[in-house]
Amino acid sequence: MAQAHEARARLCAAHGWDESAVKLVPVVASGDRIQDRPLAEIGGKALWTRELDQWLMEDRIDAAVHSMKDVETLRPEEIAIAAILPRADKADRLLGADTIAAIPAGARVGTSAPRRAAQLLHARPDLEVVGIRGNVATRMGKLAAGEADATFLAAAGLDRLGVRPLAVTGLGWLVGIAACVAVATSHWSTALVLWLANRALDGLDGPLARRRGATDLGGFLDLLADFSVYGGFVLAVGVAVPEARLACLVLLLTYYVSGTAFLTLAPLLERRGARGDGRSVLFVGGLAEGTETVLAYAVLCLLPAHAETVLWVFAAMVALTALQRIGLGVRSLGIRAPRPLRTTSETLPEETP
């Protein structure tokens, strides 16, 4: 529908029409109705055009708007491609991980596109491809439900949604806080769904920000949201499971040390010329990162009776991460940085001929 709205706006602008002169008529195509099988198994690209073609033939509509990628190569002679909108970004965006290299080994990546699957497996043959189709909301919901660990979205589709990265960050934070409340009240199944939805939203705001230009404010708020949800989740477990409170306290302490090392080391490394991956803050990795945190909190929701054991194990992993970051800092900052060349504004005396 976003493309239909754009087509109407351009038609009205070109002909001087009022917006009410062009009526949008939603048509549900077979490709939208059938979401559980790959297109190749149920009719290919014609599934996106069949109904609209029929409506055109019956004069029920005057024009149809398609994504060109959904239009078959061989078209009915009675129907002409009358105009094409300016080409949008052809790139794909990854949802659920910052980069393809950051996807954990053996993870499931959702896509029903043969091209995306082939390119992904060429770069990462250790990954598993599972079929996922649908719009942005549908794919995020499937990630939250655990049907896949990551998926792809068309950059053009994200642009047409008009969603601001900060709005996604804010929504993700609210969902994360709701997950914490669900944990504190021992609604573990609800907490699991909300937690996975929070992580899916967190995976979406990064690609949106990099697409539209990452900002320092966005990076700051993203870190603030992550840290508050991570800590709030642990506090909530302490409320729901009293016998795990000591483990919760130790985990929060290891979070504090690891986070402090991260936030102090990142800008110092950047000053020495280290380059990141496009995020607002240079990422300094370690043993327990995003994927491990997602898994640990999911296990807490699935096995609350074993919360104390899970927390102790994860606290040890975070402690090792803190040691890794401290060690990296000692090694990296112990090397003397190259001094900049000194310059002077003084005028040298002229040589005597």
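Cut-offs and rules
Residues numbered from 1 in each chain as written. Predicted model: local features only at pLDDT ≥ 70, side-chain atom pairs only at ≥ 80, totals over all residues. Heavy atoms only, no water. Pairing = 2+ DSSP bridges. Helix = DSSP H or I, 4+ residues; strand = E, 2+ residues; numbered from the N terminus. Axes fitted to C-alpha atoms, helices over the stretch in contact; angles between N-to-C directions. Contact = heavy atoms within 4.5 Å. Salt bridge = Lys/Arg side-chain N within 4 Å of Asp/Glu carboxyl O. Buried < 20%, exposed > 50% of the residue type's maximum accessible area, 1.4 Å probe, protein only. Core = buried A, V, L, I, M, F, W, Y, C linked by side-chain atoms within 4.5 Å. Patch = residues over 30% accessible without salt bridge, like charges linked within 9 Å, V, L, I, M, F, W, Y side chains within 5 Å. Areas by Shrake-Rupley, 256 points an atom, 1.4 Å probe, with all protein chains shown as cover. Parallel < 35°, antiparallel > 145°, perpendicular 65-115°, else oblique. Left-handed = near helix turned anticlockwise from the far one by under 90°. Nonpolar A, V, L, I, M, F, W, Y, C, P; charged D, E, K, R; others polar. Phe/Tyr/Trp six-rings, centres within 6.5 Å; stacked < 30°, edge-to-face > 60°. Lys NZ or Arg CZ within 6 Å of the ring centre and 35° of its normal.

Undergrad: Describe the sheet that holds strand E1 (residues 92-95), naming the residues involved and giving the relevant values.
TA: One open sheet accounts for four strands, arranged E1-E4-E2-E3; its pairing is mixed. Two strands in the sheet have a free side with no partner beyond their single neighbour: E1 and strand E3 (128-130). Sheet twist, expressed as the average angle between the axes of neighbouring strands with direction ignored, equals 30 degrees. Sheet topology places E1 next to strand E4 (residues 150-154); four bridges connect them, and they run antiparallel. Counterpart to Asp92 in the pairing with E4 is Ala154. Packing against the sheet, helix H5 (residues 114-123) makes contact with E1, strand E2 (108-110), E3 and E4, and its axis sits at approximately 130 degrees to E4.

Undergrad: Let's hear about the side chain of Asp53: which residues, and what values?
TA: Along the chain, Asp53 falls in helix H4 (residues 46-57). Discounting chain neighbours no more than four positions away, the residues touching Asp53 are Arg75, Pro76 and Ile79.

Undergrad: Which residues make up the environment of Ile79, and what values do they have?
TA: Mapped onto the secondary structure, Ile79 falls in the loop between H4 and E1. In sequence terms Ile79 and Leu56 are 23 residues apart; their C-alpha atoms lie 8.1 Å from each other. Leave out the neighbours within four places in its chain, and Ile79 touches Asp53, Leu56 and Met57.

Undergrad: So what about the pattern of salt bridges? Which residues, and what values?
TA: Inspection of every chain in the model, using the stated rule, returns 10 salt bridges. Across the pair Arg60 and Glu58 runs a salt bridge, and its minimum N-O distance is 3.2 Å. For Asp92, the salt bridge is made with Arg116, and the minimal N-O distance between the two is 2.9 Å. Of this pair, Asp92 sits in strand E1 while Arg116 sits in helix H5, and the two are 24 residues apart along the sequence. Taking the relative accessible area as the measure of exposure, Asp92 reaches 24% and is therefore partly exposed. Taking the relative accessible area as the measure of exposure, Arg116 reaches 11% and is therefore buried.

Undergrad: I'd like a rundown of the nonpolar core, residues and numbers included.
TA: Counting 32 residues, the largest nonpolar core has Phe233, Val237 and Tyr297 as its most contacted members. Those elements that provide at least two residues to this core are helix H8 (165-184), helix H9 (188-212), helix H10 (216-240), helix H11 (245-271), helix H12 (290-302) and helix H13 (307-333). Filtering out sequence-adjacent residues up to four positions away, Phe233 remains in contact with Cys180, Val183, Trp195, Tyr297, Leu300 and Cys301. Counting residues in each nonpolar core, the second largest holds 13 residues, with Val136, Met140, Val168 and Val175 among its members.

Undergrad: Mind laying out a nonpolar patch on the surface, listing which residues take part and the relevant values?
TA: Taken together, the side chains of Leu253, Tyr256, Val257, Leu320, Leu323, Ile326 and Val330 present a nonpolar region at the surface, about 700 Å² in accessible area. Elements that contribute at least two residues to the nonpolar patch include exactly H11 and H13. For the nonpolar patch, the leading source of residues is H13, giving four residues. Structurally, the position occupied by Val330 is in helix H13. In this structure Val330 comes out as exposed when scored by relative accessible area, which is 61%.

Undergrad: For the packing of H10 against H11, give the residues involved together with the corresponding values.
TA: Where H10 meets H11, the closest approach of the two axes is 8 Å, and the angle between their N-to-C directions is 165 degrees. The orientation of H10 with respect to H11, classified from their angle, is roughly antiparallel. H11 is crossed by H10, and the crossing has left-handed handedness. Side by side, H10 and H11 meet where Leu223, Phe227, Tyr230, Gly231, Val234, Leu235, Val237, Gly238 and Val239 of the first sit next to Arg245, Cys248, Leu251, Leu252, Tyr255, Phe262 and Leu263 of the second. When its residues are assigned to classes, the contact of H10 with H11 shows 13 nonpolar, two polar and one charged.

Undergrad: An account of the packing of aromatic side chains is requested, with residue identities and associated values reported.
TA: Scanning the model with the defined rule gives eight aromatic pairs in all. Taking the centre distance of 6.3 Å and the plane angle of 20 degrees together, the rings of Tyr230 and Tyr255 count as stacked. One end of the pair, Tyr230, is in helix H10; the other, Tyr255, is in helix H11, and 25 residues separate them in sequence. Overall, the relative accessible area of 13% leaves Tyr230 in the buried class. Counting every residue linked through ring pairs, the aromatic cluster contains Trp195, Tyr230, Phe233, Tyr255, Tyr297 and Phe314. Here Arg60 stacks its cationic end above the ring of Trp55, 3.8 Å away from the centre of that ring.

Undergrad: Can you lay out the environment of Glu147 for me, pointing to particular residues and giving the numbers?
TA: With respect to the helices, strands and loops of the structure, Glu147 is situated in the loop between helix H6 (136-144) and E4. If we skip the residues at most four places from it in the chain, Glu147 touches Arg108, Val130 and Lys142.

Bear in mind that shape data such as this cannot, by itself, settle questions of function.
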